[in-house]
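Residue-level structure breakdown
So the chains spell out like this:
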Amino acid sequence: MACGVYGLTVEPAARVPLKVEPLTKAAFAPYGDVIEPASASKTYPINNGETMRYHDMAAIQANGSNARPIVSIFESKPVRGSINVHLLERHPYGSQAFVPLDGQTFLVVVAAPGDKLDPSTIKAFITDGKQGVNYHAGVWHHPVLTLGKTTNYLIVDRSGDEPNCQEIGMPKTYMLGRY
Ligand SMILES: NC(=O)N[C@@H](O)C(=O)O
Ligand code: NI
């Protein structure tokens, strides 16, 4: 998905630490959904009780002309050393879900939707290896930041006619620490 540059994405000289918090449903609610059994709104047994259904975990959005939700796999190499971020991207026409298939933790950096970045809404989270995330349409997020080893993610996002990836520069370079 080619990301159009929506704003300045040159790395700012000013650097600030950004606290990395454990990912929780409540903390992530302004940005999207956490995909994990504990966050299911509805859970019920099926198949004569042999299977538990964690129902309707994420709001899958696919808007625009000829839009449809699609399933893909991202095979993502890990980032290593000090991780500093200075740009985010958004998909205005649809949501984007990442579910790790190898039990791998990853970092999530988000900001509230809007045509201008609101620095007060920039947050960083670390997943517990079982969690996935679903960014709602228009939510600013950093391209996937995989930790430790190359990881496959199941991706659910949107295909359609309109270009669906825009990048924007962050006001500072945000330091997430060493991994
Ligand atoms: N560009 C692309 O498909 N991936 C990004 O959207 C991402 O969030 O990693
Ligand atoms: Ni994305």
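This structure is a prediction, so every number in the text was calculated from the model and none was measured.

The next subject is the sheet that holds strand S15 (residues 151–159). Taken in spatial order, the 5 strands line up as S4-S12-S9-S15-S7 in an open sheet, and their pairing is antiparallel. Because the sheet does not close on itself, it has two edges, and the strands there are strand S4 (32–35) and strand S7 (68–76). Averaged over all pairs of adjacent strands, the angle between their axes in this sheet comes to 15 degrees, without regard to strand direction. Bridge analysis of strand S9 (residues 96–100) against S15 gives 4 bridges, and the strand direction is antiparallel. When the sheet's bridge partners are listed, Phe98 is paired in S15 with Ile155.

Our next topic: the environment of His136. Within the element layout of this structure, His136 appears in the loop between strand S12 (132–135) and strand S13 (140–141). Considering only alpha carbons, one finds His136 and Ala14, 122 residues apart in sequence, at a separation of 29 Å. Excluding its chain neighbours within four sequence positions, the residues that come into contact with His136 are Tyr31, Gly32, Asp33, Ala59, Gln61, Gly94 and Ser95.

The next thing to look at is the packing of aromatic side chains. Inspection of every chain in the model, using the stated rule, returns 8 aromatic pairs. Residues Phe28 and Tyr31 carry aromatic rings whose centres are separated by 6.0 Å and whose planes lie at 45 degrees to one another, so their mutual orientation is tilted.

Now for the coordination of the nickel ion (ligand 2). In this structure, Glu89 (OE), His91 (NE2), Gln96 (OE1) and His141 (NE2) serve as the protein donors to the nickel ion (ligand 2), at separations of 2.0 to 2.2 Å. If you look at the nickel ion (ligand 2), its 6 donor atoms make angles of 70 to 170 degrees with each other, and the shape they trace is octahedral. Relative accessible area serves as the criterion here: at 3%, His91 is assigned to the buried category.

Take the site of ligand 1 next. Lining the immediate surroundings of ligand 1 are 9 residues, of which Glu89, His91, Gln96, His141 and Val144 lie closest. Between ligand 1 and Val144, the relevant distance is 3.1 Å, taken from an oxygen atom to a main-chain nitrogen or oxygen of the residue. Taken together, the residues of the shell around ligand 1 sort by class into 5 nonpolar, 3 polar and 1 charged.

Looking now at the nonpolar core. A general trend in soluble globular proteins is that nonpolar side chains are found buried together. Among the nonpolar cores identified, the biggest contains 17 residues, and Val85, Leu88, Val109, Leu117, Ile122, Met170 and Leu176 are the most heavily contacted of them. Those elements giving two or more residues to this core turn out to be strand S8 (82–90), strand S10 (106–111) and strand S16 (166–178). With 4 residues, S16 is the single largest residue contributor to this core. Sequence-distant contacts of Val109, that is, excluding residues within four places in its chain, are made with Leu18, Val85, Leu88, Ile122, Lys123, Ala124, Trp140, His141, His142, Leu145, Met170 and Leu176.

Another point: the confidence of the model for the protein chain. Counting all residues, the mean pLDDT for the protein chain is 94, and 96% of those residues have values of 70 or more. Here the complex is predicted with pTM 0.94, and the ipTM for its interfaces comes to 0.92.

Criteria and cut-off values
Residues numbered from 1 in each chain as written. Chains lettered and ligands numbered in written order. Predicted model: local features only at pLDDT ≥ 70, side-chain atom pairs only at ≥ 80, totals over all residues. Heavy atoms only, no water. Pairing = 2+ DSSP bridges. Helix = DSSP H or I, 4+ residues; strand = E, 2+ residues; numbered from the N terminus. Axes fitted to C-alpha atoms, helices over the stretch in contact; angles between N-to-C directions. Contact = heavy atoms within 4.5 Å. Phe/Tyr/Trp six-rings, centres within 6.5 Å; stacked < 30°, edge-to-face > 60°. Donors = N, O, S within 2.8 Å, 3.2 Å for Na, K, Ca; no water. Tetrahedral: all angles 85-135°; square planar, octahedral: opposite > 155°, others 65-115°. Buried < 20%, exposed > 50% of the residue type's maximum accessible area, 1.4 Å probe, protein only. Near = heavy atom within 4 Å. Polar contact = N/O pair within 3.5 Å; in protein donor to acceptor, adjacent residues only side chain to side chain. Nonpolar A, V, L, I, M, F, W, Y, C, P; charged D, E, K, R; others polar. Core = buried A, V, L, I, M, F, W, Y, C linked by side-chain atoms within 4.5 Å. pLDDT = per-residue confidence, 0-100.

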